[in-house]
Amino acid sequence: MPNKSSSAVFKRVLLKLSGEALMGDHDFGIDPAVINRLASEVNDVVQAGVQVGLVIGGGNIFRGAGLAENGMDRATADYMGMLATVMNALSFQDALEKQQLTARVMSALTINQVCEGYIRRKAIRHLDKGRIVIFAAGTGNPYFTTDSAASLRGIEIGAEIVLKATKVDGVYSADPMKDPNAERYTRITYDEALEKKLMVMDATAIALCRDYNMPLRVFNGNTPGSLMRIIMGEDEGTLIERG
């Protein structure tokens with residue numbers, strides 16, 4: 001049972017995982033060790049009494065934008081990418097259930113044989129009952145990323161913050177993989193992120209958070225315990241908020 005006496009500073013969060021985060025050291029697909037570790041970290045958060053919504057990308061299986069650049073119709077490619085996110089969502093649901101958690105996959109595309117369709121009020125009821133809700137198929141519309149879906153779902157369910165797990169420990173002034181002098185920000189405003197084109201999330205996702213005053217924290221999802229530290233109020237990664 002969740003520990004209601006925990007010192008968690010949030011009651012409801014939206015966690016965004018990239019599809020690439022599920023690959024581990026592989027070039028494609030899902031690494032069972034990685035997905036089980038991530039599920040264990042989500043379990044810790046749930047046991048702290050926090051309600052969790054999840055959005056997972058599909059880049060470990062299929063990238064619609066990349067195929068569109070090589071000649072495929074963009075809308076068709078994006079729909080294929082949405083189906084990849086459903087596959088990841090089902091795999092994460094399975095990993096969560098192995099942690100003795102109850103999880104529901106809700107898809108923006110209707111696939112009744114494998115998951116529920118997305119209905120906002122029903123998603124909130126699931127969360128209120130302590131179930132983890134995994135939002136699949138992005139927004140259900142082509143030309144929108146899963147980053148935008150994370151911002152949108154976070155706003156819709158009344159999350160207190162959107163947490164984006166990446167491969168780096170926050171937002172930098174430049175790509176830290178290419179520029180050793182890149183500076184890491186601990187806090188930055190939405191407008192600064194947009195003006196400096198920091199590409200931590202796409203512009204639509206950041207603008208949505210800005211317009212609805214949804215705090216956004218970017219952190220390294222590969223660092224064990226980082227998610228829980230954020231839940232407990234520690235200053236992990238980079239916080240993007242109003243100035």
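Placed above this text is the structure.
Below you will find a few notes about this structure. (Residues numbered from 1 in each chain as written. Predicted model: local features only at pLDDT ≥ 70, side-chain atom pairs only at ≥ 80, totals over all residues. Heavy atoms only, no water.)

**Regarding the packing of helix 5 (residues 146–156) against helix 7 (residues 203–211)**
In a pair of packed helices, the angle between the axes and the distance between the axes together describe the arrangement.
Stage number 1. In contact at an axis separation of 7 Å, helix 5 and helix 7 are set at 20 degrees when each is read in the N-to-C sense. Viewed along their axes, helix 5 and helix 7 adopt a mutual orientation that is roughly parallel. Viewed along their axes, helix 5 and helix 7 form a crossing whose handedness is left-handed. Residues Asp147, Ser148, Ser151, Leu152 and Ile155 of helix 5 form the contact with helix 7, whose own contacting residues are Thr204, Ala205, Leu208 and Cys209. (Axes fitted to C-alpha atoms, helices over the stretch in contact; angles between N-to-C directions. Helix = DSSP H or I, 4+ residues; strand = E, 2+ residues; numbered from the N terminus. Parallel < 35°, antiparallel > 145°, perpendicular 65-115°, else oblique. Left-handed = near helix turned anticlockwise from the far one by under 90°. Contact = heavy atoms within 4.5 Å.)

**Concerning the environment of Ile56**
Stage number 1. Note on placement: Ile56 falls in strand 2 (residues 51–56).
Stage number 2. The class for Ile56 is buried, based on a relative accessible area of 1%.
Stage number 3. A sequence separation of 15 residues divides Ile56 from Glu41, and the C-alpha atoms of the two residues are 15 Å apart. (Buried < 20%, exposed > 50% of the residue type's maximum accessible area, 1.4 Å probe, protein only.)

**Brief notes about the pairing of strand 6 (residues 161–166)**
Stage number 1. Among the 6 residues of strand 6, 6 are classified as buried, and the element is accordingly described as predominantly covered.
Stage number 2. Of the two faces of strand 6, the one carrying Ile161, Leu163 and Ala165 and the one carrying Val162, Lys164 and Thr166 are both buried.
Stage number 3. Direction of pairing for strand 1 (residues 12–17) relative to strand 6: parallel, over a ladder of 5 bridges. The residue of strand 6 that forms the bridge with Lys16 is Lys164.
Stage number 4. Where strand 6 meets strand 10 (residues 216–220), 5 bridges bridge the pair, whose relative direction is parallel. By the bridge assignment for strand 10, Val162 is matched with Leu216. (Pairing = 2+ DSSP bridges.)

**So, the nonpolar core**
Stage number 1. Grouped together as the largest cluster of nonpolar side chains are 39 residues, with contacts concentrated most on Val42, Leu54, Phe92, Leu96, Ile132, Ile134 and Leu163.
Stage number 2. For this core, the elements supplying multiple residues, two or more each, are strand 1, helix 1 (32–47), strand 2, helix 3 (74–98), strand 3 (103–107), strand 5 (132–136), strand 6 and helix 8 (226–231).
Stage number 3. A per-element tally of this core places helix 1 first, with 7 residues.
Stage number 4. Ignoring anything within four residues of it in the chain, the contact list for Leu96 reads Ala39, Val42, Leu54, Leu101, Ala103, Ile132 and Ile134.
Stage number 5. The next biggest cluster of nonpolar side chains, apart from the first, holds 29 residues, and it includes Leu14, Met106, Cys209 and Leu216. (Core = buried A, V, L, I, M, F, W, Y, C linked by side-chain atoms within 4.5 Å.)

**Regarding the sheet that holds strand 6**
Stage number 1. As summarised here, the arrangement of the 9 strands in space is 4-3-5-2-1-6-10-11-9, forming an open sheet in which the pairing is mixed. Each having just a single partner strand, strand 4 (116–117) and strand 9 (187–189) make up the two edges of the open sheet.
Stage number 2. With 3 bridges joining them, strand 2 and strand 5 adopt parallel strand pairing. Across the sheet, the residue bridging to Gly53 is Val133, located in strand 5.
Stage number 3. Contacts between helix 5 and the sheet are confined to strand 1, strand 2, strand 5 and strand 6, with strand 1 contributing the most and set at about 175 degrees to the helix.

**What to know about the environment of Arg131**
Stage number 1. Relative to the elements of secondary structure, Arg131 occurs in the loop between helix 4 (120–128) and strand 5.
Stage number 2. Accessibility expressed as a relative area gives 21% for Arg131, which makes it partly exposed.
Stage number 3. Each C-alpha atom of the pair Arg131 and Met82 lies 23 Å from the other, and the pair is 49 residues apart in sequence.
Stage number 4. Sequence-distant contacts of Arg131, defined by excluding residues within four places in its chain, comprise Val52, Thr102, Arg104 and His126.
Stage number 5. A polar contact of 2.9 Å, which involves the side chain of Arg131, links it to the side chain of His126. (Polar contact = N/O pair within 3.5 Å; in protein donor to acceptor, adjacent residues only side chain to side chain.)

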